[in-house]
Amino acid sequence: MSELCSEDYHLRFRHLRLKPGEQRTILAHTTLFFLTDPPTDARVESDIGLFDESELGASELQYEHKGTILVTNYSIFSNHVRFIQVIPKR
């Protein structure tokens, strides 16, 4: 967080439970989200990165996300996507 000029911050654990085929948008323009338990059948895409194990064109998968985050459950079952959210204190 010191790289982002913030020494004072709060950590929040975010656990998303997604229905089959559900897509959810998270607005995270002033916070960082770190993917902690990467799902094999979901996609996490943001302004700064992509995590999708089924994406053959991706040479690197990103665990850090910021901006508009789009989480998509590809599974026919409910799915869990877990993040640590870093919220700078002002």
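Please refer to the structure higher up on the page.
One structure accompanies this document, and this report is about it. Note that the coordinates shown come from a computational prediction; the quantities given were computed from them, not determined experimentally.

The subject of this paragraph is the nonpolar core. Core analysis: the largest hydrophobic core is formed by 13 residues, its most contacted members being Ile26, Val44, Ile69, Val71, Val81 and Phe83. Those elements that place two or more of their residues in this core are strand 1 (9-18), strand 2 (23-35), strand 3 (42-45), strand 5 (64-73) and strand 6 (79-88). The element that contributes the greatest number of residues to this core is strand 2, accounting for four residues. The contact partners of Ile26, leaving out residues within four places of it in the chain, are Leu16, Phe33, Gly67, Thr68, Ile69, Val71 and Phe83.

A side chain with one charge may pair with a side chain of the opposite charge, provided their charged atoms come close. Considering all chains together, one arrives at five salt bridges under this definition. One salt bridge connects Arg43 with Glu45, and the closest N-O pair in it is separated by 3.1 Å. Note on Arg43: relative accessible area 16%, which makes it buried. Several salt bridges converge on common partners, so that one network encompasses Arg43, Glu45, Asp52 and Glu55.

Further remarks concern the pairing of strand 6. Two strands pair when backbone bridges link them, and strand 1 and strand 6 are joined in this way by 10 bridges, in the antiparallel orientation. Paired with Leu18 across the two strands is Asn79, which belongs to strand 6. Both strand 2 and strand 6 contribute to a ladder of four bridges, which runs antiparallel. Along strand 6, the bridge assignment pairs Phe34 with Ile84.

Moving on, we come to the side chain of Ser75. With respect to the helices and strands, the residue Ser75 is situated in the loop between strand 5 and strand 6. A polar atom in the side chain of Ser75 sits 2.9 Å from the backbone nitrogen of Phe77. Not counting residues up to four positions away in its chain, the partners in contact with Ser75 are Pro20, Gly21 and Asp41.

The subject of this paragraph is the sheet that holds strand 2. Across the sheet, which stays open at both edges, the six strands sit in the order 1-6-2-5-3-4 with antiparallel pairing between neighbours. Strands at the two margins of the open sheet, each flanked by one partner only, are strand 1 and strand 4 (50-51). Here strand 3 runs beside strand 5; their pairing, made up of four bridges, is antiparallel. Across the sheet, residue Ala42 finds its bridge partner in strand 5, namely Asn73.

Calculation criteria
- The numbers attached to residues start from 1 for each chain and follow its sequence in the written order.
- Only residues with pLDDT of at least 70 are given local features in this predicted model, and only at 80 or more are side-chain atom pairs given and counted; all residues enter the totals for whole chains, interfaces and linings.
- Heavy atoms throughout the structure, all of them, feed into the side-chain values; hydrogens and water do not.
- For this analysis, a nonpolar core means a set of buried residues of the types Ala, Val, Leu, Ile, Met, Phe, Trp, Tyr and Cys, connected via side-chain atoms within 4.5 Å.
- For the exposure calls, accessible area comes from a 1.4 Å probe over protein chains only, and a residue counts as buried if that area is under 20% of its type's maximum, exposed if over 50%, partly exposed in between.
- Numbering goes from the N terminus for both helices and strands, where a helix is a DSSP run of H or I of at least four residues and a strand is a run of E of at least two.
- In what follows, residue pairs with any heavy atoms lying within 4.5 Å of each other are defined as contacts.
- Note on definitions: salt bridges are taken to be side-chain nitrogens of Lys or Arg within 4 Å of carboxyl oxygens of Asp or Glu.
- Paired strands, as defined in this entry, are two strands with at least two bridges between them according to DSSP.
- The definition of a polar contact used here is a pair of N or O atoms within 3.5 Å, where within protein one atom must be able to donate a hydrogen and the other to accept one, and adjacent residues in sequence count solely through side-chain atom pairs.

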